[in-house]
Amino acid sequence: MSMQTARIAIVGGGLAGLYAAHLLAAKGVEDFVLLEARDAWGGRIVSTPPAEGGSPHASHAPSARFDLGPAWFWPDYQPEFSHLIDRLGLARFARHEEGDMLIEQAPNTAPLRMRGHASAPPSMRLAGGMGALTDALRQRLAPQRLLPGQHVRRLRCEGDHVALEAEDAQGDVR
């Protein structure tokens, strides 16, 4: 059993948790930990590389990834989000809106051709997928503050503070 103390514990390493940790670090606050139950960061934002032998039209550059969660954003509706992307130096591009779409509903069935649609205001995507955003936030954080594989089991009020118990895959409690 290993005991760790921190003034601030952030539970969940999705976009909100990573951004909260980023804001603390930017303000010079170092007495925090970010706990994530999975071994992967990003929460519902998941970007994965194309499968071997996948689409012949997919770019196989290292930054090419497919978004399995959120895929685009609207700078006109989400200006703070757009500013964060700019501050992190992430590349963006307009979502392709002309022509038809192909929708693959199952791996062994032919894709369905559907009419495309345009959005107003226009939506944008990130080069490297939305995972580029969570990667950029995580990479700016001190590794010792990031605790993956930690399942929060209990919160307890202890006088003037809250004690948090988390357990890793080996059953060790923090």
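What counts as what
- Residues numbered from 1 in each chain as written.
- Predicted model: local features only at pLDDT ≥ 70, side-chain atom pairs only at ≥ 80, totals over all residues.
- Heavy atoms only, no water.
- Helix = DSSP H or I, 4+ residues; strand = E, 2+ residues; numbered from the N terminus.
- Rg over C-alpha atoms; globule rule 2.2 N^0.38 Å.
- Buried < 20%, exposed > 50% of the residue type's maximum accessible area, 1.4 Å probe, protein only.
- Contact = heavy atoms within 4.5 Å.
- Areas by Shrake-Rupley, 256 points an atom, 1.4 Å probe, with all protein chains shown as cover.
- Lys, Arg positive; Asp, Glu negative; His and termini not counted.
- Charge placed at Lys NZ, Arg CZ, Asp CG, Glu CD.
- Salt bridge = Lys/Arg side-chain N within 4 Å of Asp/Glu carboxyl O.
- Pairing = 2+ DSSP bridges.
- pLDDT = per-residue confidence, 0-100.
- Axes fitted to C-alpha atoms, helices over the stretch in contact; angles between N-to-C directions.

Focus on the overall build of the protein
Looking only at helices and strands, one finds three helices and 11 strands in the protein. Its C-alpha atoms give the protein a radius of gyration of 20 Å, more than 25% over the compact-globule value 16 Å for 174 residues. Seen through its principal axes, the protein has C-alpha atoms that stretch 60 × 35 × 25 Å. Taking all 174 residues of the protein together, the buried fraction comes to 30%. Long-range contacts, defined here as pairs at least 24 residues apart, represent 58% of the contacts in the protein between residues at least 6 apart. Total accessible area on the protein is roughly 11400 Å²; 54% of this is exposed by carbon and sulfur atoms. Positive and negative side-chain charges of the protein, numbering 18 and 20 respectively, have mean locations separated by a distance of 2 Å.

As for the pattern of salt bridges
Applying the stated criterion to the full structure yields 10 salt bridges. In this structure, Glu-36 and Arg-38 form a salt bridge, with 3.7 Å as the shortest nitrogen-oxygen distance. Since its relative accessible area comes to 8%, Glu-36 is described here as buried. Of the charged contacts, one joins Asp-67 and Arg-125 as a salt bridge, the two residues approaching to 3.3 Å between their closest N and O atoms. Here Arg-125 lies in strand β8 (residues 124–126) and Asp-67 lies in strand β4 (residues 66–67), a separation of 58 residues in the sequence. Asp-67 gets classed as buried once you look at its relative accessible area, which sits at 15%. Among the residues examined, Arg-125 registers a relative accessible area of 24% and is labelled partly exposed. The network of salt bridges with common partners includes Arg-154, Arg-156, Glu-158 and Glu-165.

Structural notes on the pairing of strand β2 (residues 32–35)
Burial along β2 is two-sided: Phe-32 and Leu-34 and Val-33 and Leu-35, pointing in opposite directions, are all buried. Bridging between strand β1 (residues 8–11) and β2 involves four bridges; their strand directions are parallel. By the bridge assignment, Ala-9 is partnered in β2 with Val-33. Alignment of β2 against strand β9 (residues 146–147), held across two bridges, turns out to be parallel. Of the residues in β9, the one forming a bridge with Leu-34 is Leu-146.

Here's the deal with the confidence of the model for the protein
On average, residues of the protein score 87 in pLDDT, and 91% of them are at 70 or above. Element-level pLDDT for the protein is lowest in strand β6 (residues 100–103), with a mean of 81, against a maximum mean of 98 in helix α1 (residues 15–26). Every residue in residues 56–62 scores below 50 in pLDDT, and together they form seven contacts with partners more than four places removed in sequence or on other chains.

Quick word on the sheet that holds β9
By way of backbone hydrogen bonds, the strands of a sheet pair with one another, either parallel or antiparallel. With respect to topology, three strands assemble into an open sheet ordered β1-β2-β9, the strand pairing being parallel. Looking at the sheet topology across the chains shown, the edges are occupied by β1 and β9. Each of β1 and β2 is contacted by α1, which is oriented at about 165° to β2, the strand it contacts most.

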